[in-house]
Amino acid sequence: MTTPPAPSLRPRRPAWAGRNYTLLTAAAVVTGLGNAGALIAAAFAVLEAGGDGGDVGLVAAARTLPLVAFLLIGGALADRLPRHRVMVAANSLNCASQAVFAVLVLSGEARLWQMAVLSALGGTGQAFFSPAAEGMLLSSVTGEQAARAFALFRMGMNGAQIGGATVGGALIAVVGPGWMLAVDAAAFAIAGALRALLDVSAVARRKPGGGMLRDLREGWHEVIGRPWLWSIIVQFAIVNAVVGAAESVFGPLVAEDHLGGARPWGFALAAFGAGTVLGGLLMMRWRPRRLLLAGSLSILPLALPAAALAVPVAIPALVVVMFLVGVSVEVFGVSWMTALHQEIPEDKLSRVSAYDWFGSIAMVPVATALAGPAEEAFGRSASLWGCSALILVLTLAVLTVPDVRRLRRRATTPVVEGGPAATEPVSPR
């Protein structure tokens, strides 16, 4: 009689969580933990060096400008070279810049221009990293379980950012911002090492292109040839901008004047983070057939925080609003990633992702810069109501696009890990 094998004590990964997906998720959690605290640390480093609020904004802008400037080039490069090499190179740049930043702060010799230059290097690294990372993630899972995989990935990212901000804030309070920046540099080193282990042997080699401009034009044609894609990118160029202005400029002002200061505002932001985690759990089980219709309808609640601040409502109501918005954002985020995975050719994923990222962040600095003048011209409450109205109008406009309402989830056949998924239509129920 044959003795049955002893059960393995190792936890079994789901079939859809292959090696590449697992490495990408682990690396994203590591960098998320470091980055969340590092953003806080950079601001406090500027203040400790004798800077004021304007200097903090200057260092933040120094990171954003190269991010916007190099995103499209980063997307073209990621579709031309092995994506994992682009990711590792970008992580190495971020590791080096954060390490130098940490040394300067710990030595007490940091100057404003040095911090601005190092922040700019960090933004440059992110510009090359983000399109490559999204393209790699989208091609690392089989289509049938793509939504579940993306939901779990986003849960890990959101959870890491919540935990990173909490632990990072405590670490900064105890030992100062320099050590938090050093932790972030170490996180980039660990994440880069994990990403260097990615297996790209199953990814078809890309044919040599006709140059960077041709690659960018091909990516542009992929975007404008799909009404659902360019309409949502245009929508979010403005939606992200007004949400950024409402939450980064008007929110703290309302909290200071009416809600009791920074602590209750922090509770509201934490509620948003908790909502994203619940939204990720929801999207691991819910698979809406009409991906973009469900995703676009979930954007309507984004109008609520600006309206709540315009009233302003009491902090318990604001916490509830922010929690619900966190849930709805994840419904859109997972639906959007699933649509890109399903509809965009694998060899153009990073370029399309770069145009998506560019649209999402390009207008944010403009909106935050105009928030102050808008408050002086129209008043704070009217400006916030305007933000809320813009979100509603743009979202309702996108819902008039036939492809947004009609795009359906398709079944897919499994593929070798690392390669694109083959798709076939779902039979109507």
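Novice: Which residues make up the overall build of the protein, and what values go with them?
Specialist: Tallying secondary structure elements over the protein gives 16 helices and two strands in all. When each of the 429 residues of the protein is scored for burial, the buried share is 48%. For the protein, long-range pairs separated by at least 24 residues make up 88% of all intrachain contacts whose partners lie at least 6 apart in sequence. By element, 68% of the accessible surface of the protein is carried by carbon and sulfur atoms, the whole surface being about 19,700 Å².

Novice: An account of unusual backbone geometry is needed here, citing residue identities and associated values.
Specialist: Glycine aside, residues mostly have negative phi angles, and peptide bonds mostly take the trans form. Of the consecutive residues Val311 and Pro312, the connecting peptide bond is found in the cis state with omega at -20°. Relative to the helices and strands, Pro312 is located in the loop between helix H11 (303–310) and helix H12 (315–343).

Novice: An account of the side chain of Gln114 is needed here, citing residue identities and associated values.
Specialist: With respect to the helices and strands, Gln114 occurs in helix H4 (residues 112–138). According to the relative accessible area criterion, Gln114 is buried, its value standing at 19%. Ignoring sequence-local partners within four residues, the contact set of Gln114 consists of Leu104 and Glu109.

Novice: Describe in detail the nonpolar core, supporting the description with residues and values.
Specialist: The nonpolar side chains of a soluble globular protein tend to be buried with one another. Membership of the largest hydrophobic core comes to 80 residues, with the highest contact counts inside it found for Trp228, Leu229 and Trp336. Broken down by element, the residue count for this core peaks at 15 residues, all from helix H8 (residues 227–259). Among residues more than four places away in sequence, those in contact with Trp228 are Leu292, Trp336, Ala339, Leu340, Glu343, Val401, Asp403, Val404 and Leu407. Of all hydrophobic cores here, the second largest spans 16 residues; its members include Ala38, Val46, Phe101 and Ala110.

Novice: An account of helix H7 (residues 212–224) is requested, with residue identities and associated values reported.
Specialist: The end-to-end C-alpha distance of H7, which contains 13 residues, comes to 19 Å, matching closely the 18 Å that a straight helix rising 1.5 Å per residue would cover. Within H7 the residues assigned to the buried category are Asp215, Leu216, Gly219, Glu222 and Val223. For H7, the arc enclosing every buried residue in end-on projection is 115°, short of the 170-degree limit, so these residues lie on one face.

Novice: Explain the pattern of salt bridges to me, and be specific about the residues and the numbers.
Specialist: Summed over the entire model, instances satisfying the criterion amount to 13 salt bridges. Measuring nitrogen to oxygen at the nearest pair gives 2.7 Å for the salt bridge that ties Arg80 to Asp215. With Arg80 in helix H2 (residues 53–80) and Asp215 in helix H7, the pair connects residues that are 135 residues apart, well separated along the chain. Given a relative accessible area of 7%, Asp215 falls into the buried group. Here Glu218 ties to Arg351 by a salt bridge, and the two come within 2.9 Å at their closest N and O atoms. Residue Glu218 is found in helix H7, and its partner Arg351 is found in helix H13 (residues 349–361); the two are separated by 133 residues along the sequence. The class of Glu218 is partly exposed, set by a relative accessible area of 27%. Since its relative accessible area comes to 5%, Arg351 is described here as buried. In this structure, a network of salt bridges that share partners links the residues Asp79, Arg80, Arg83, Arg214, Asp215, Glu218, Glu346 and Arg351.

Novice: Provide a residue-level description of a nonpolar patch on the surface, including the pertinent values.
Specialist: A cluster of nonpolar side chains, Leu93, Trp113, Val117 and Leu121, forms an exposed patch at the surface whose accessible area comes to about 370 Å². If one sorts the elements of the nonpolar patch by residue count, H4 sits on top with three residues. Secondary-structure assignment places Trp113 in helix H4.

Novice: I'd love a proper account of the packing of H8 against H13, names of residues and values included.
Specialist: Viewed as axis vectors pointing N to C, H8 and H13 meet at an angle of 30°, and their least axial separation amounts to 7 Å. Classified by the angle between their axes, H8 and H13 sit roughly parallel to one another. Contact residues: H8 offers Leu229, Ile233, Phe236, Ala237 and Asn240, while H13 offers Val352, Tyr355, Asp356, Gly359 and Ser360. Residues that form the contact of H8 with H13 fall into these classes: six nonpolar, three polar and one charged.

Scoring rules and cut-offs
Residues numbered from 1 in each chain as written. Predicted model: local features only at pLDDT ≥ 70, side-chain atom pairs only at ≥ 80, totals over all residues. Heavy atoms only, no water. Helix = DSSP H or I, 4+ residues; strand = E, 2+ residues; numbered from the N terminus. Buried < 20%, exposed > 50% of the residue type's maximum accessible area, 1.4 Å probe, protein only. Contact = heavy atoms within 4.5 Å. Areas by Shrake-Rupley, 256 points an atom, 1.4 Å probe, with all protein chains shown as cover. Core = buried A, V, L, I, M, F, W, Y, C linked by side-chain atoms within 4.5 Å. Expected span 1.5 Å × (residues − 1). Arc of directions from axis to C-beta. Salt bridge = Lys/Arg side-chain N within 4 Å of Asp/Glu carboxyl O. Patch = residues over 30% accessible without salt bridge, like charges linked within 9 Å, V, L, I, M, F, W, Y side chains within 5 Å. Axes fitted to C-alpha atoms, helices over the stretch in contact; angles between N-to-C directions. Parallel < 35°, antiparallel > 145°, perpendicular 65-115°, else oblique. Nonpolar A, V, L, I, M, F, W, Y, C, P; charged D, E, K, R; others polar.

In short, geometric facts, not functional conclusions.
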